[in-house]
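# A structural walkthrough
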Amino acid sequence: MSAAPAEPAKPRSLTDRILNGVERAGNTLPEPFMLFIVLFLITGVVTTVMQKLGVVVSVPGSEDPTAVKGLFTGEGMTWLTTNLGENYIGFPPLVTVMPILLGIGIAQHSGLLAAAIRKLFGSSPAWMLPYVVGFVGVVSSIMADSAFVVVPPLAALVFKAAGRHPVAGLLGGFAAAGAGYSTNIFPTSLDALFAGITTSVMDALPGYEFTAVNPVSNWFFNIVASLILGLVAGFIIDRVIEPRLRRQDVPVDEVAADDAARSADTAEQMRATLTPQENKGLLVAVLSALVLTAVILLAVLPAGSPWRNEEGGFLPKSPLLSSIVFLVVAYFMVVGVAYGAIVGTLRSTRDAVRMMSDAIKEMLPFLVLAFVLGNFIALFNWSGIGTWIAVTGAAALEGIGLTGFGAVLGFILLASILNLFIISGSGMWAIMGAVFVPMFAIIGYEPAFTQAAFRVGDSATQIITPMNPYMIVLLGMLRKYEPEAGLGTLMARMLPFVVPFWIVWTVILAVFFVADLPLGPGNGIFL
């Protein structure tokens with residue numbers, strides 16, 4: 001009996017070919033840790049050659065030229081062996097990220113953050129759900145990567161309960177969380193991480209005057225971006241994604257599942273509605289935040305407050321602004337403890353320690369990566385190659401007349417493209433920040449502004465790259481409704497979010513740029 005002839009392979013679409021190309025190219029990159037080892041060694045070789053060639057650079061405003069120093073020399077190897085640990089432990093992001101993680105750990109593992117999300121979803125009318133999902137998705141980055149596995153299924157549940165298409169909630173929740181990951185109305189550990197890297201790379205311009213970058217240096221910009229992007233996400237879910245799903249007859253019910261799966265789904269639906277105790281916990285958490293706010297105001301508002309600066313104000317520098325990390329930690333800890341004590345998830349200091357330990361465990365990959373990141377940036381600054389690149393690059397931009405917002409657009413576009421291949425935001429900012437923060441400072445932009453521009457390019461494209469591991473998680477959720485769905489299907493449905501997010505976010509930055517609006521307390525755009 002002859003075998004049936006094989007069906008001819010279906011021609012792949014242009015989108016499939018592009019995405020497959022991105023996946024192949026991304027897979028050729030080493031893991032972030034090894035990537036920075038390679039970059040460290042390449043930088044070491046290049047700096048050694050530059051020293052042999054006698055390369056020097058003059059920083060604008062500085063009388064003495066800076067000579068590039070090589071790593072693979074006696075001086076360079078001595079510097080490395082005597083500063084290896086200090087380069088790691090002194091890596092600025094660790095100073096701010098770790099304390100904030102402890103506070104967020106209590107707020108998250110006590111159940112407060114998830115309960116707040118469920119409250120927002122459950123109390124919203126059907127017509128408002130897309131916009132609530134859009135806003136919650138954007139600000140869910142406060143939960144770090146947990147947002148990608150918490151928000152989408154909850155959004156699907158509340159959409160279905162309201163008579164709307166659950167897949168629209170699923171996709172919209174993921175898209176808002178991913179495409180808006182770099183912004184939030186609350187200061188988060190990501191703000192602390194970015195601020196630490198931004199400050200550290202400015203060591204490439206010794207003696208250069210700039211406003212210090214802290215976790216709230218982009219706060220005003222982030223608040224505006226979060227609110228507007230939440231509305232944009234909601235509009236796309238409501239007017240584009242959901243109607244298209246209905247036109248395509250995508251099922252609104254999950255495919256047949258076994259009893260265990262049905263039981264799990266039922267339990268999940270039960271958890272989608274808050275218990276009276278959880279509602280009480282949220283109320284007590286809000287009240288505790290108000291009490292803490294009153295205490296802080298009583299401490300800082302009096303004329304003789306030690307948290308004021310010498311002029312009696314708070315801007316551009318003051319002990320209050322230098323206490324941002326303390327304030328963020330205090331708020332998260334107070335509301336987390338208040339909620340946990342009411343609902344019973346936090347009964348003793350042992351529970352609090354466990355929650356903070358769990359938060360640190362989730363950050364362990366970054367702590368390992370920080371070892372090589374800290375030494376890479378330290379080499380950039382010590383060798384002088386960062387200074388040379390900044391001065392040379394700034395001169396090139398001035399030479400072609402590209403020093404206005406056009407240069408910023410090019411920077412955002414480059415970040416968006418690199419984001420398809422390098423998913424680690426901290427890793428990509430360490431690479432780009434080391435080059436562009438000093439370069440843009442020389443042509444007149446505050447480091448906080450360059451950091452704000454990076455946020456735009458860092459997030460929008462990560463929801464269409466196969467290098468994002470959470471795309472596979474989302475695909476598993478989608479296949480509960482569409483068993484035949486593939487990665488291409490998922491990426492095609494994410495595309496309607498990418499371009500609007502990119503354009504709207506860039507326009508918001510342009511408005512701040514043209515109007516010269518403050519990006520955060522004490523942080524402007526121009527030096």
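Overview of the structure. (Residues numbered from 1 in each chain as written. Predicted model: local features only at pLDDT ≥ 70, side-chain atom pairs only at ≥ 80, totals over all residues. Heavy atoms only, no water.)

## A closer look at the overall build of the protein chain
The helix and strand tally for the protein chain stands at 21 helices and two strands. Here the C-alpha atoms of the protein chain give a radius of gyration of 25 Å, agreeing with the 24 Å that 2.2 N^0.38 yields for 527 residues. Burial analysis of the protein chain (527 residues in total) assigns 52% to the buried set. If you sum the accessible surface of the protein chain, you get close to 23200 Å²; carbon and sulfur atoms cover 68% of it. Charge centroids of the protein chain, computed over 27 positive and 33 negative side chains, lie 9 Å from each other. (Helix = DSSP H or I, 4+ residues; strand = E, 2+ residues; numbered from the N terminus. Rg over C-alpha atoms; globule rule 2.2 N^0.38 Å. Buried < 20%, exposed > 50% of the residue type's maximum accessible area, 1.4 Å probe, protein only. Areas by Shrake-Rupley, 256 points an atom, 1.4 Å probe, with all protein chains shown as cover. Lys, Arg positive; Asp, Glu negative; His and termini not counted. Charge placed at Lys NZ, Arg CZ, Asp CG, Glu CD.)

## Focus on the environment of I360
Relative to the assigned elements, I360 resides in helix 14 (residues 349–362). Each C-alpha atom of the pair I360 and P99 lies 9.8 Å from the other, and the pair is 261 residues apart in sequence. If we ignore the near neighbours within four places in the chain, the residues touching I360 are M98, L101, L102 and L367. (Contact = heavy atoms within 4.5 Å.)

## Some details on the side chain of Q462
In this structure, Q462 sits in the loop between helix 19 (447–459) and helix 20 (470–478). Other than its neighbours up to four places away in sequence, Q462 contacts G178, Y181, N419, I423 and N468.

## Re a nonpolar patch on the surface
Taken together, L41, V45, V49, L53, F72 and M77 make up a surface patch of nonpolar side chains, about 550 Å² in accessible area. Top contributing element to the nonpolar patch by residue count: helix 2 (residues 32–52), with three residues. Note on placement: L53 falls in the loop between helix 2 and strand 1 (56–57). (Patch = residues over 30% accessible without salt bridge, like charges linked within 9 Å, V, L, I, M, F, W, Y side chains within 5 Å. Salt bridge = Lys/Arg side-chain N within 4 Å of Asp/Glu carboxyl O.)

## Some remarks on empty space enclosed by the protein
Gaps between atoms show up when a probe of the same size as a water molecule is rolled over them. For the structure on display, the rule yields one cavity of 30 Å³ or more. What the largest cavity holds in volume is close to 30 Å³. Here the residues of the lining of the largest cavity sort into two nonpolar, six polar and two charged. (1 Å grid on protein atoms, 1.4 Å probe; cavity = no way out; pocket = protein on both sides within 12 Å on 5 of 7 lines; lining within 4 Å. Points joined across faces, edges and corners; volume = space filled by probe spheres on them. Nonpolar A, V, L, I, M, F, W, Y, C, P; charged D, E, K, R; others polar.)

## Concerning the packing of helix 8 (residues 166–179) against helix 21 (residues 487–515)
At their nearest, the axes of helix 8 and helix 21 sit 10 Å apart, and the two run at 40 degrees to each other. One element, helix 8, and the other, helix 21, form an angle in the oblique class. Where helix 8 crosses over helix 21, the two elements pack in a sense that is right-handed. Here helix 8 contributes L171, G172, F174, A175 and A179 to the contact with helix 21, which in turn contributes L490, R493, M494, F497, F501 and W505. Among the residues forming the contact of helix 8 with helix 21, the class breakdown is nine nonpolar, one polar and one charged. (Axes fitted to C-alpha atoms, helices over the stretch in contact; angles between N-to-C directions. Parallel < 35°, antiparallel > 145°, perpendicular 65-115°, else oblique. Left-handed = near helix turned anticlockwise from the far one by under 90°.)

## Considerations on the side chain of S318
Inspection of the secondary structure assignment puts S318 in the loop between helix 12 (276–300) and helix 13 (324–343). What makes S318 buried here is its relative accessible area of 6%. At 2.9 Å, the side chain of S318 forms a polar contact with the backbone oxygen of F314. Non-local contacts of S318, meaning those with residues more than four positions away in its chain, are made with W307, R308, N309 and G313. (Polar contact = N/O pair within 3.5 Å; in protein donor to acceptor, adjacent residues only side chain to side chain.)

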